[in-house]
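# Examination of the molecular architecture
Okay, here's what each chain looks like letter by letter:
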Amino acid sequence: MVAKVILYIALVYCFIYWLLARELAINFPVGILIEVLFLLAFIVAIFTLPKANWKNLNNDLFYLFLFWFVLSLLEVANPAGANVMGWLKEIRSAAEYPMLIVMLYFIIFTTNKDLNNFLIIIVVLSTIAALDGVKQLHIGLSRGDNAFLNSGGAQTHILFGRLRVFSFYSEAAQFGASQAHMCLVALVLALGPIKKKIKILLFICSGLMFYGMLISGTRGALFALVPGAFLAIILSKKFKVLIFGGAVAVLFLCVLKFTYLGNGNYQIYRLRSALNPDDPSLKVRMVSQQKLKDYMSGMPFGGGLGVIGANGMEYNRDKFLSKIQPDSYWVKIWAMYGIFGFTIWISMNMYILGKCCGIVWRIKDEGLKIKGIALTSGFGGILFCSYGNEVINTMPSAIIVCASLVFVYIMPKLDKELSDNKILIE
């Protein structure tokens, strides 16, 4: 029980640690506390959990994340010669956190109650984040919010005099993508066989998070919502829902692409620009990716961890890659690991996505199935969204995604338990 409490604390902390850092003006690297909590949970698990729980690690999901972690460790010897300190900082989000989250969730969270508690926590915290975003836009910024903008955040979060809402997350891109992700999760859960009051609450939460996505000004968040929604519709295995949902999604995209409806609203106008191939921001990204393509042609193993992005600018200023903004986690993986590593990473994720779809497809209990659809479609959406933004490796999306995969993987066991209980009751 203690190990579970520690993991719940870690989950909540992954949502709010930027809030604590800003409002309390903490200079201490707050991310280290995530590792401390994971370590504590691991130590407690060693002394309190039965051996049977550790056998849960014998599956391909854990082995894949462990393999990626080992590969990332070997990147310290990358011949491109990236700074070791940059590698140490980057490996935490790129491989260490995902591996630890998957390992701990497999051995500590094993019941349907654990799954329900996880869903409640992430939906509630994401809804609170949406409300905080509404407060930022319509009521005003806190002292910590203003300090963030004044220390350089205004360059990317105030565009044409308009605030890109970031709530209590690291920045607007993470907030917008996470809101789109959780909007989809809450919406799918609301369509399940649940009490009417809970259903209404979930619809309200989903609506608030959709608004949170809009006010973030994160155009790429659209690509977490739409592909994820299509995946959810397919996994539902309901032909009428597939036709109706597909038609609604296509109509939504057509309205954005081919009309000017809602252009008077800045948030809708900015979201619409995500579908504009002539958008100046998109052209800048294409130019950057062409430069990378030319440079990376002779670097099959990449430039090493921490050579691009924030760690690149801090620890590898002498490297060419540090001078290019990745603007995409897919691109960042390609730059750090090379085409060799990127091929492994994308193949690994597509395999996991396919495996999760197969698991959910075979779940018999309707309530459990809808939870599996919500978590799997959310993962698919955030994975594709990460092509446009660096989000899948950033908290809280990172812990939500990794934990979601674990819960989907244990669903066959949970499904059998639910089926056995029904037989006993009957």
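You'll find the structure just up there.
Thresholds applied
Residues numbered from 1 in each chain as written. Predicted model: local features only at pLDDT ≥ 70, side-chain atom pairs only at ≥ 80, totals over all residues. Heavy atoms only, no water. Helix = DSSP H or I, 4+ residues; strand = E, 2+ residues; numbered from the N terminus. Buried < 20%, exposed > 50% of the residue type's maximum accessible area, 1.4 Å probe, protein only. Contact = heavy atoms within 4.5 Å. Areas by Shrake-Rupley, 256 points an atom, 1.4 Å probe, with all protein chains shown as cover. Axes fitted to C-alpha atoms, helices over the stretch in contact; angles between N-to-C directions. Parallel < 35°, antiparallel > 145°, perpendicular 65-115°, else oblique. Left-handed = near helix turned anticlockwise from the far one by under 90°. Nonpolar A, V, L, I, M, F, W, Y, C, P; charged D, E, K, R; others polar. Expected span 1.5 Å × (residues − 1). Core = buried A, V, L, I, M, F, W, Y, C linked by side-chain atoms within 4.5 Å. Phe/Tyr/Trp six-rings, centres within 6.5 Å; stacked < 30°, edge-to-face > 60°. Lys NZ or Arg CZ within 6 Å of the ring centre and 35° of its normal. Patch = residues over 30% accessible without salt bridge, like charges linked within 9 Å, V, L, I, M, F, W, Y side chains within 5 Å. Salt bridge = Lys/Arg side-chain N within 4 Å of Asp/Glu carboxyl O. 1 Å grid on protein atoms, 1.4 Å probe; cavity = no way out; pocket = protein on both sides within 12 Å on 5 of 7 lines; lining within 4 Å. Points joined across faces, edges and corners; volume = space filled by probe spheres on them.

Attention now goes to the overall build of the chain. Helix and strand content of the chain: 18 helices and two strands. The buried share among the 426 residues of the chain stands at 55%. The long-range fraction of contacts in the chain, counting pairs at least 24 apart against all pairs at least 6 apart in sequence, stands at 77%. Total accessible area computed for the chain in this model is approximately 19,500 Å², and 70% of it derives from carbon and sulfur atoms.

Let us now look at the packing of helix α1 (residues 2–23) against helix α6 (residues 112–138). Helices that pack against each other are described as a pair by the angle of their axes relative to one another and the distance between those axes. It is the contact of α1 with α6, at a shortest axis distance of 10 Å, that shows an interaxial angle of 20°. Taken as axis vectors, α1 and α6 run roughly parallel relative to one another. α6 is crossed by α1, and the crossing has right-handed handedness. Facing Lys-4, Tyr-8, Leu-11, Val-12 and Phe-15 of α1, the residues of α6 in contact are Asp-114, Asn-117, Phe-118, Ile-121, Ile-122, Leu-125 and Ser-126. Taken together, the residues of the contact of α1 with α6 sort by class into eight nonpolar, two polar and two charged.

Once that is clear, we can look at unusual backbone geometry. With omega at 5°, the peptide bond leading from Met-395 into Pro-396 counts as cis. Structurally, Pro-396 can be placed in the loop between α16 (366–385) and α17 (397–409). Phi is positive for Ser-167, close to 55°, though the residue is something other than glycine. Mapped onto the elements of the fold, Ser-167 is located in the loop between β2 (162–163) and α8 (172–190). The buried category is assigned to Ser-167, whose relative accessible area is 1%.

It is worth spelling out α6 at this point. For α6, with 27 residues, the first-to-last C-alpha span of 39 Å sits near the 39 Å given by 1.5 Å per residue. One or two steps after α6, the chain reaches Gly-140, where phi turns positive at roughly 150°.

What follows is about the nonpolar core. One finds Phe-38, Tyr-105 and Ile-108 to be the most contacted residues of the largest nonpolar core, which totals 134 residues. Contact partners of Tyr-105, with chain neighbours within four places excluded, come to Leu-7, Leu-11, Phe-118, Ile-399, Ala-403, Val-406 and Phe-407.

Here the focus is the environment of Ala-95. Position of Ala-95 relative to the elements: it lies in helix α5 (residues 84–108). Through-space distance from the C-alpha of Ala-95 to that of Leu-73 is 8.8 Å; in sequence the pair is 22 residues apart.

Under the criterion given, the structure shown has 24 aromatic pairs. Both rings, one in Tyr-169 and one in Phe-175, keep their centres 5.5 Å apart while their planes meet at 85°; by these two values the pair is edge-to-face. Taking relative accessible area as the criterion, Phe-175 reaches 0% and is therefore assigned buried. Relative to Trp-345, the ring of Trp-330 lies with its centre 6.3 Å away and its plane at 75°, an arrangement referred to as edge-to-face. Each member of the pair, Trp-330 together with Trp-345, is buried. Lying over the aromatic face of Phe-148, Arg-22 brings its terminal NZ or CZ to 4.4 Å of the ring centre.

Moving on: the packing of helix α2 (residues 32–48) against α5. Closest axis-to-axis distance for the α2/α5 pair is 11 Å, and the angle between their directions is 30°. Classified by the angle their axes make, α2 and α5 are roughly parallel. Where α2 crosses over α5, the two elements pack in a sense that is left-handed. Here Ile-32, Ile-34, Glu-35, Phe-38, Ala-41, Phe-42 and Ala-45 of α2 lie close against α5, whose contacting residues are Arg-92, Glu-96, Tyr-97, Leu-100, Ile-101, Met-103, Leu-104, Ile-107 and Ile-108. Taken together, the residues of the contact of α2 with α5 sort by class into 13 nonpolar, no polar and three charged.

On the surface, Ile-194, Ile-198, Ile-200, Leu-201 and Ile-204 cluster together to form a nonpolar patch covering roughly 420 Å² of accessible area. The residue Ile-204 is located in helix α9 (residues 196–216) in this model. Looking at Ile-204, the relative accessible area reads 47%, which means it is partly exposed.

Moving on, we get to the pattern of salt bridges. Under the criterion given, the structure shown has seven salt bridges. One salt bridge connects Glu-35 with Arg-92, and the closest N-O pair in it is separated by 3.1 Å. One end of the pair, Glu-35, is in helix α2; the other, Arg-92, is in helix α5, with 57 residues separating them in the sequence. The same class applies to Glu-35 and to Arg-92, which are both buried.

What the rule picks out here adds up to four cavities of 30 Å³ or more. Approximately 200 Å³ is the volume found for the largest cavity. Forming the walls of the largest cavity are 15 residues, and the residues nearest its centre are Phe-65, Pro-98, Trp-345, Ile-392 and Cys-402. Sorting the residues of the lining of the largest cavity by element identifies α4 (60–74), α5, α15 (329–362) and α17 as the ones contributing at least two each.

Attention shifts here to the side chain of Gln-179. Topologically, Gln-179 is positioned in helix α8. The exposure class assigned to Gln-179 is buried, which follows from its relative accessible area of 0%. Excluding anything up to four places from it in sequence, Gln-179 contacts Ser-126, Ala-129, Ala-130, Tyr-169, Leu-208, Met-209, Gly-212 and Met-213.

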